[in-house]
Structure formats: C-alpha cells, structure tokens
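Coordinate inspection notes
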Amino acid sequence: MATVKKSKKKVIVPICIVLVIAIIVGVVFGISKANGGEQVSLYTIATDDIYETVSLTGEVTSGTKKEYKVGTVATVKEVFVKVGDKVNKDDVLATFNLDSLNSEIASLRESYNESLSGYNDAVKAQKAAQVKADALSSKIADTEELVAELENAPETTTTPTTKAPTTRATTEPTTKATTKAPTKAPTSEPTTEPTTEPTTSSGRPDIGTISDALAELNKTLVQISDNLDTIAEMTKVITEAITMCIENGVFDSDVIAQAVADAMAQAMRDGIIEAATLLVESDLAVRMVQTAVESIDFEGIASVLINSNNVSLTAAELQLASLQAQHAIYSVQADTTLVNAQKKSLNATKKALDVLEQQKKEMENGWVAAFDGTITQVDVYADSQTNMLSTGITLENLDSMAVTVSLSEYDLHKVKVGMPAKITTAYGIYDGEVATIAPTATGGSSTSILDSVGSMAGISGLSSLTASGAGVECVVTIPKTDENITVGFDADVEIETGEYLGVVAVPIESLKLEKTGSYVYLYNEEEGTVTKTLIETGAVSDSVYEVKSGLKAGDKIVSAPAGDYTEDTFKVKVVTK
C-alpha cells in the first residue's frame, strides 16, 4: 500500500492560524478586563427564615429495656420463657438453685469480717503509736534542752548529785567519778582507773555514731516487715535482750548481737514473731538484726560513763539517742499508709459482698418481669451452670421505641432535652423528642477532623458516622410507632435545634471560609469595586447562614466568589447570569 506524504506547509498553516486566534482572544480579554474589571454576578442580601437542625444517624431500640444478668455462678432450675414470648409484669421468667452462691457469700463474708478486724486493729495500733510518738517528742525536746544546758556548763571531775536514767549506782559512794567502773564483758578485765582517754577531741566518744546505729536498727526492722504488730514484737524482743546483757555487765557488741539473734530466733519458733509477716526469710531477718546490733558500740558507752569528765552530759546524750530511735519506730507505726491500704482492701471486699448479696436477693425468688413486654433474648438454660459472661434474659417494651445517636462536640451545645425531632426509616417518617443526653462522651478520640469540616460546611454530626470520633449518647424517643419500624435497624434523625425568623441571611456559596473567619466580597456601586469583608455568622440551615454583623439587608455581594482573587479590593464588571 502506498504512503501519502503530507506537505509540511499544509500542516504549519493551521497551527499558525490557531496561535493568531489565541493571541487575539487574549488581547481582547485583557483589554476587556482592564477596562471593565473582573466579571462577577451579584446577590442582594435579604431576610430569611432559618430552621436550624442537627442531622444524625442512629440505631432503633426499644423504649424500655431490662437485661437480667447472673453476674456469678449459679445453677438454673427452670426457664419459663423463650424469644418472642410476650409477658406481663411480675411473671416469673426463670428460677435458680443458690447453694453454690450461698457458699460463696459465706466465704466472702468471713473474709470481710477478717478484713474489718484487721482494719480496726490497725487503726487502734496507729492511734496508740501516735500517742507514744507525741509523748516521745515531748521527752526529746526536754532532753535536747538538758543536753544544751550541760554542754554550756563547766566540766567537773565530781559525780553529779543527780544521775541520768542511763547511769548505774556505784556500790561505794565517792567524790571521784572514776573510782569504780561498771562490770565489763567477760572478755575484758575490770579496771579502777581509765588508762586511755576517749577517742574524740572533747574527751567523749562520738554520740552521734551511736544515735546513727540505733536509727539504722530501726530502718532494718522496717525492711524486714511492714506489719506494725510484727515490728512492735521485734522491738520488744531486741530491747529485752539488750537490757538483760547490760544488766549482767555484758558490753561486748558481738556478744550482745548474738544474744539478740538467739532471742529473735526463739521468738519465731514460739510464734511470738510471725514468720509469715516478714518480707525476707527468717534466717536472713535474724542476720540483718544481728548485724545492726553489732554496729552499736556498747563498750564505748560503758567507757564513756567511766571516763567522761561530765557523766551527766554523756548519759543525757545517750538517752536522747535512745529516745530518737524509739520515736522513729513509733512514727512508722503511726503512719496512716498501712491503715489506708487496709481500708481500701476492706471497701473492695465489702463491695464484692454487696454485689453477691444483691444477686442473691434478685435470684432467690427467680427473675420476675419488671413490666409488660416481649422477650428478645434468652441465654440461660434449665439444669445448666451460669457464668458471668452470660447475657441472661432480655425483656423489652416494643410498644414504644427510641433511636440512640451520638452527638459530636460541635452539636452537643445545640441539642437540649425536650427538643422535637423527625425520625426517618426506610418505610416512614415519625415524630420524636430528645429524651436523654449522657453527661460524658464515650468512644474514639475527643475530636474528629470530620466535625471541623462539617461545622464549616454547615453539616452536623459527621463524627457520629465514624468509629474514630468521640460522641455523647443521646436518646430520641418515638412515642407512636407501627410495624414498619424495627428494633436494630438504622434510622436518620433530624433534631430541630432552633427557629430564626426574619433574620439577615447569606447563601452558603457566597461565603469564603478561612481560618481567620467567614468572608464575603461586598460591592461598592459608586466605585464599581468589591472588598473582602469579614462577617459574623450565627444559625445555619442547609442553604444559608444567619448574618449577625458585617452585612445588612439590601447590601450586594459577589454571589459565588472565585478562589483565585489576589487582591482584597478590586474593580469588577457586573454581569447577569
């Protein structure tokens, strides 16, 4: 087949003609725009009636509904209804054997009584410890004052006439404080005169070290147990063991620590200290206490009493350290943390007991219909065990119905209880009324991007159509129903939220919605220009916005402003559509 070759000249000529025409049109359009301005059509502002509504979609439900749930394990004796049955108020729906429930209630009541007893004991112990701590605080203040006085008093080599409680009476009265020392530990030889001076620059050992050791012993007890009674028993056993050693003239720290360890171990074997309340193993608890006691310089205490030029000051300081150590223990016992924890446990047990007893009350005479209605679900069967996941029986009054919808953040402030509504289903339109509005939002995030878009476009309730938007549950009742409306199907709901008659209104398409507000292009007839103007809007329908400020009836605006205006004020040529 032969190929026909076209002339280049013939192709170029049409292209040139098209280009010339385009240039001519552009020039003419430019001249026209320069002479007459941007071509626009105008809209004259007038008043209008606005009927504001919120449009939503929800699920049809029965107006009255009761779900009978077991909430525990029980045995079903008989079930007297099936799905679809119509029942009258007080009809028995099902009966139960409550033997297992009674046993569970008895066990839980015993636990509650034990918790109550433990809580009461803890409260008493806490109050008693607080009284002792307060008393010790007073003694500590008095002893601190005594120490301050003795520190400022001139040192003397004579024995004070009044000895501190921690000193022991000598068998031979004398004016020298160093004539006779207390009996030493078996490993030390008694001396009548000190051969060495105390280790501190003031002539006395470091009392602060002894105080710190006593404080560490208290910390050790708290690490071993958080049970106040156990701590109190351990404190008593330790104190008695130390006191016995000192009274027998034993001041060796290792010997005293071993005596304390033996006493602790024996108390555990005898059940005086309950091993079950310890936070560590019994053997470890004994070793922890033994180590803490070994750190106390009991020989230093004896040496102080013998060698010090001011026995009263030394004894007072030791007494202060002992009081502070006791105060630390009682302060722990006086703390309300444990009491509060036990109270929470007690309340939880009581709540569980109340729930079971309420279940028993509801089930002992069987489930009874609370109103006339229809059985819509049965999930229990005769001679079977119930469980907490069972739905049980659902009773509904299908003579009255409702639609449950979700109000977005932007719709919530508009809708009020009692507002009229229209419910539209596939087979009809029904009158309704807003019955309830939940106090809190549920589901999804607190805001939805669809709500923002919908608000600017005048469309309500978009978030209720998505799983991501949070919403407030609102129930709209349908007083008069028929066979064409069915529970479980969706329905459209239009709630009438406001009626605004004779207000200045602007068409939605005449607005430019920006982040900074709503704008129109206001026409100046004398100058033949339009100016971008901010207005305040109010109520909205599906076609117009109420204008609250910025425009008045009779003003002319651009009916449908373009999106590519580059100036806020410019000349226009008015055209008629």
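Above this text sits the structure in question.
About the criteria used
- Residues numbered from 1 in each chain as written.
- Predicted model: local features only at pLDDT ≥ 70, side-chain atom pairs only at ≥ 80, totals over all residues.
- Heavy atoms only, no water.
- Phe/Tyr/Trp six-rings, centres within 6.5 Å; stacked < 30°, edge-to-face > 60°.
- Helix = DSSP H or I, 4+ residues; strand = E, 2+ residues; numbered from the N terminus.
- Buried < 20%, exposed > 50% of the residue type's maximum accessible area, 1.4 Å probe, protein only.
- Lys NZ or Arg CZ within 6 Å of the ring centre and 35° of its normal.
- Salt bridge = Lys/Arg side-chain N within 4 Å of Asp/Glu carboxyl O.

1. Some thoughts on the packing of aromatic side chains
Throughout the structure, instances matching the rule amount to 5 aromatic pairs. Relative to Trp367, the ring of Tyr68 lies with its centre 5.7 Å away and its plane at 40°, an arrangement referred to as tilted. With Tyr68 in strand E3 (residues 46-68) and Trp367 in strand E7 (residues 367-368), this pair connects stretches of sequence that are 299 residues apart. Residue classification places Tyr68 among the buried residues on the basis of a relative accessible area of 6%. Measuring from ring centre to ring centre gives 5.0 Å for Tyr521 and Tyr565, while their planes differ by 80°; the resulting arrangement is edge-to-face. Highlighted residues: Tyr521 in strand E15 (residues 517-524) and Tyr565 in the loop between strand E18 (556-558) and strand E19 (569-574), separated in sequence by 44 residues. The class of Tyr521 is buried, set by a relative accessible area of 2%. Under the relative-accessibility criterion, Tyr565 is labelled buried at 15%. Aromatic ring contacts, followed pair by pair, group Tyr68, Phe96 and Trp367 into a single cluster. If you follow Lys66 out to its NZ or CZ, it ends over the ring of Tyr68, 4.9 Å from the centre.

2. A word on the pattern of salt bridges
Enumeration over the complete set of coordinates arrives at 7 salt bridges. Taking the shortest distance from any N to any O, the salt bridge between Asp354 and Lys350 comes out at 2.8 Å. With Asp354 and Lys350 both in helix H9 (residues 337-363) and 4 residues apart, this pair spans about one turn of that helix. Salt-bridge contacts for Glu514 lead to Lys532; the nearest nitrogen and oxygen are separated by 2.9 Å. In this pair, Glu514 sits in strand E14 (residues 512-514) while Lys532 sits in strand E16 (residues 529-540), placing the two residues 18 residues apart along the sequence. Of the residues examined, Glu514 reaches a relative accessible area of 28% and is grouped as partly exposed.

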